[in-house]
Amino acid sequence: MWGGRFAEGPSAIMREINASIPFDKALWRQDIAGSRAHISMLAKQGIVSEADAKTIDRGLEQIAAEYERGGVPEDWNLEDIHMTVEARLTEIIDSVAGRLHTARSRNDQVATDFRMWVRAANLRAIAGIDVLLEALVDRAEEHADSVMPGFTHLQTAQPVTLGHHLLAYFEMLMRDRSRFRDALTRMEECPLGSAALAGTGFDLDRNMTARELGFARPTRNSLDAVSDRDFALDYLMAASQCALHLSRLAEEFIIWASQPFGFVKLPDALSTGSSIMPQKRNPDAAELVRGHAGRVIGCTTALMITMKGLPLAYSKDMQNDKPPVFETAGLLDLSLAAMAGMVADSGFDVVRMRKAAEAGHATATDLADWLVRQADIPFREAHHITGTAVKLADEKGTALDELSLEDLKSIDSRIEQGVFDVLSVDASVAARTSYGGTAPVRVREQVTEARQRLVGEV
């Protein structure tokens, strides 16, 4: 690899800092696929002979079978997966292997391999999101009528349905899904053939290699092609946003599973016990998902900082592009699977949820709205009257709908018997019929629409 330019090989320190084979061996499938497409194109263009191309292709096929069986060997003297494959190819077919690297550089080679790997990671993320979306929709339909407290500032605010609450996460994850899809659209260009930075004088058919590797077209600028890592950052930023949403959902399950709430029982498969306290049922999977979000965001920041000051074209700093992406993909795939299982298999205590909704004066806004509609009172005045009613209920130790008509009239004489039609939690959620509201009829409509969106009909 050092060729004739250097009198000595790399020192031990240089050897260790320079080697990327411990992590970029994950690209071996993409590297071999790219090499097979490249040699096929070189043969078609008459740059190498058909016989040599077939020999090289058979050798690459043999290497793929070896790596599939036994993994990729780590020879740090070979630095990376690209030289590891080429060295093994030389062992198999001798000097003919040297023709493979005609009209390409490791710069466009790694850019192509990495782009293909990240493309697959995007597709896995979308598939994982789809499984979680299905679970959310199924549970939302099951609990379209299940009343629970809705919170702001983690204080009881208004009653909502559990189905409505779960569909909020459906919306978040649909946006995540769209971000990964958008990233795939921008990833549809193939760098192979850009060579080191300036292109090549060989008569390549870059459209052919792009097609064979599943890209829509070749990249338009060779300088940009070998130095672009936007595709990796697109993935990382989409993953960061998705990890944030998963962390929020995990936090809800952690809170709901705690004894003071008791809204949910997490599945055994996603819980652990304590080494000393036998009564404990720890939400470890959810806590780890919550923790993974920080690591994913850290990986995104790491690559952004690596790229922020690099001049064109390739710099060795960019060898550090893969570890944060590989780490993120592993964490995100696990987090999506864990949360899909949690949503699908957790048991919700709807009785306890309802009691919690009934206990926090969650229908106070309904009283204010009734005063506006039925007594033609300005909302700010109605808000003040309702606050007085809440204070009286607290003093009496009762719920709002347990106050007597006389109690309410003592606050404002315009209150009538009909007010009790809106003060129950069921009446409250049923009244929220605006589009996107928590009324069970609206939740069921949203479930139907959600299923259509999942299959692309909306």
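In this report, the structure presented in the accompanying data block is examined.

1. Thoughts on helix α11 (residues 284-307)
The end-to-end C-alpha separation of α11 is 35 Å, in line with the 34 Å expected for 24 residues at 1.5 Å each. What α11 keeps buried is the set Ala285, Ala286, Val289, His292, Ala293, Val296, Cys299, Thr300, Leu303 and Met307. As for α11, its buried residues are in contact with α9 (222-227), α10 (230-257) and α12 (322-345).

2. Describing the pairing of strand β1 (residues 147-152)
Here six bridges tie β1 to strand β2 (residues 155-161), and the two strands are oriented antiparallel to one another. In the sheet register, Pro149 faces β2, and the bridge partner there is Pro159. In textbook terms, the turn of a hairpin is the stretch between consecutive antiparallel strands, and for β1 and β2 this stretch comprises two residues, one of which, His153, has a positive phi near 55°.

3. Brief notes about the side chain of Glu252
By secondary structure assignment, the location of Glu252 is in helix α10. No salt bridge is formed by the buried Glu252. Its closest oppositely charged neighbour is Arg248, at 6.4 Å. Polar side-chain contacts of Glu252 include one of 2.9 Å to the side chain of His165. Among residues more than four places away in sequence, those in contact with Glu252 are His165 and Tyr169.

4. Examining a nonpolar patch on the surface
Among the surface-exposed residues, Leu197, Leu223 and Leu312 lie close enough to one another that they form a single nonpolar patch of about 270 Å² accessible area. Note on placement: Leu197 falls in the loop between β3 (189-190) and α8 (206-212). Its relative accessible area of 39% is what places Leu197 among the partly exposed residues.

5. Things to note about the state of the cysteines
Going through the model one piece at a time under the given rule, you end up with zero disulfides. Its sulfur unpaired, Cys299 is 15 Å from the next cysteine sulfur, which belongs to Cys242.

6. Regarding helix α4 (residues 50-70)
Along its 21 residues, α4 runs 30 Å from first to last C-alpha, staying within 8% of the 30 Å computed at 1.5 Å per residue. Among all positions of α4, only Asp52, Ala53, Ile56, Gly59, Leu60, Ile63, Ala64, Glu66 and Tyr67 are buried. Summarising the axial view, the buried residues of α4 lie within an arc of 165°, below the 170-degree limit, and thus occupy one face. Facing away from the buried side of α4 by more than 90 degrees, the exposed set consists of Ala51, Lys54, Arg58, Glu68 and Arg69. On its buried face, α4 is in contact with α3 (28-44) and α5 (81-93). Directly after α4, the chain includes Gly71, whose backbone phi takes a positive value near 85°.

7. Some points on unusual backbone geometry
Of note, the bond from Leu312 into Ala313 is cis; its omega dihedral lies within 30 degrees of zero at 5°. With respect to the element layout, Ala313 can be found in the loop between α11 and α12. A positive phi angle is found at Glu79, which is not glycine, with a value near 75°. Following the sequence through the fold, Glu79 ends up in the loop between α4 and α5. Judged by relative accessible area, Glu79 falls into the buried class, the value being 8%.

8. Observations regarding the packing of α10 against α11
Relative orientation of the contacting elements α10 and α11 amounts to 160°, with a least axis distance of 8 Å. What the angle tells us is that α10 and α11 run roughly antiparallel. For the element pair α10 and α11, the recorded crossing hand is left-handed. Classifying every residue of the contact of α10 with α11 by side-chain character gives 18 nonpolar, three polar and three charged.

9. Focus on the pattern of salt bridges
Oppositely charged side chains may form a pair once their charged atoms are brought near each other. What the rule picks out here adds up to 32 salt bridges. For Glu141, the salt bridge identified is with Arg451, shortest N-O distance 2.7 Å. Placement of the pair is Glu141 in helix α6 (residues 106-142) and Arg451 in helix α18 (residues 440-454), with a sequence separation of 310 residues. By relative accessible area, which is 45% here, Glu141 ends up partly exposed. Arg451 sits in the partly exposed class, given a relative accessible area of 29%. Glu327 is the salt-bridge partner of Arg295, the closest N and O atoms lying 2.9 Å from each other. Here Arg295 is found in helix α11, whereas its partner Glu327 is found in helix α12, with 32 residues between them in sequence. Classification of Glu327 by relative accessible area gives partly exposed; the value is 32%. Taken together, the shared-partner salt bridges in this structure form one network comprising Glu66, Arg88 and Glu91.

10. Thoughts on the packing of α3 against α6
Interhelical geometry of α3 versus α6 gives an angle of 125° and a closest axis separation of 9 Å. Taken together, the axis directions place α3 and α6 in an arrangement best described as oblique. For the crossing formed where α3 meets α6, the hand is right-handed. Within the contact between the two elements, α3 uses Gln30, Asp31, Gly34 and Ser35 and α6 uses Gln109, Asp113, Met116 and Trp117.

11. Notes on the packing of aromatic side chains
In this description, an aromatic ring pair is defined by two values, namely the gap between the centres and the angle between the planes. Applying the stated rule across the entire model yields ten aromatic pairs. Plain terms: the ring middles of Trp117 and Phe326 are 4.6 Å apart, the flat faces sit at 55° to each other, and that makes the pair tilted. One end of the pair, Trp117, is in helix α6; the other, Phe326, is in helix α12, and 209 residues separate them in sequence. In this pair, the class of Trp117 matches that of Phe326, namely buried. Between the aromatic rings of Trp256 and Phe348, the centroid separation amounts to 6.4 Å while the plane-to-plane angle is 70°, which identifies the pairing as edge-to-face. Of the two residues, Trp256 is situated in helix α10 and Phe348 in strand β6 (residues 347-348); the sequence distance between them amounts to 92 residues. Both residues of the pair, Trp256 and Phe348, belong to the buried class. Connected via pairs of aromatic rings, a cluster forms that spans Phe114, Trp117, Phe231 and Phe326. The ring of Phe215 carries Arg119 above its face, with NZ or CZ at 4.4 Å from the centroid. One Lys or Arg, Arg124, reaches over the ring of Trp117 and ends 5.4 Å from the middle of that ring.

What counts and how
- Residues numbered from 1 in each chain as written.
- Predicted model: local features only at pLDDT ≥ 70, side-chain atom pairs only at ≥ 80, totals over all residues.
- Heavy atoms only, no water.
- Helix = DSSP H or I, 4+ residues; strand = E, 2+ residues; numbered from the N terminus.
- Expected span 1.5 Å × (residues − 1).
- Buried < 20%, exposed > 50% of the residue type's maximum accessible area, 1.4 Å probe, protein only.
- Contact = heavy atoms within 4.5 Å.
- Pairing = 2+ DSSP bridges.
- Lys, Arg positive; Asp, Glu negative; His and termini not counted.
- Salt bridge = Lys/Arg side-chain N within 4 Å of Asp/Glu carboxyl O.
- Polar contact = N/O pair within 3.5 Å; in protein donor to acceptor, adjacent residues only side chain to side chain.
- Patch = residues over 30% accessible without salt bridge, like charges linked within 9 Å, V, L, I, M, F, W, Y side chains within 5 Å.
- Areas by Shrake-Rupley, 256 points an atom, 1.4 Å probe, with all protein chains shown as cover.
- Disulfide = S-S within 2.5 Å.
- Arc of directions from axis to C-beta.
- Axes fitted to C-alpha atoms, helices over the stretch in contact; angles between N-to-C directions.
- Parallel < 35°, antiparallel > 145°, perpendicular 65-115°, else oblique.
- Left-handed = near helix turned anticlockwise from the far one by under 90°.
- Nonpolar A, V, L, I, M, F, W, Y, C, P; charged D, E, K, R; others polar.
- Phe/Tyr/Trp six-rings, centres within 6.5 Å; stacked < 30°, edge-to-face > 60°.
- Lys NZ or Arg CZ within 6 Å of the ring centre and 35° of its normal.

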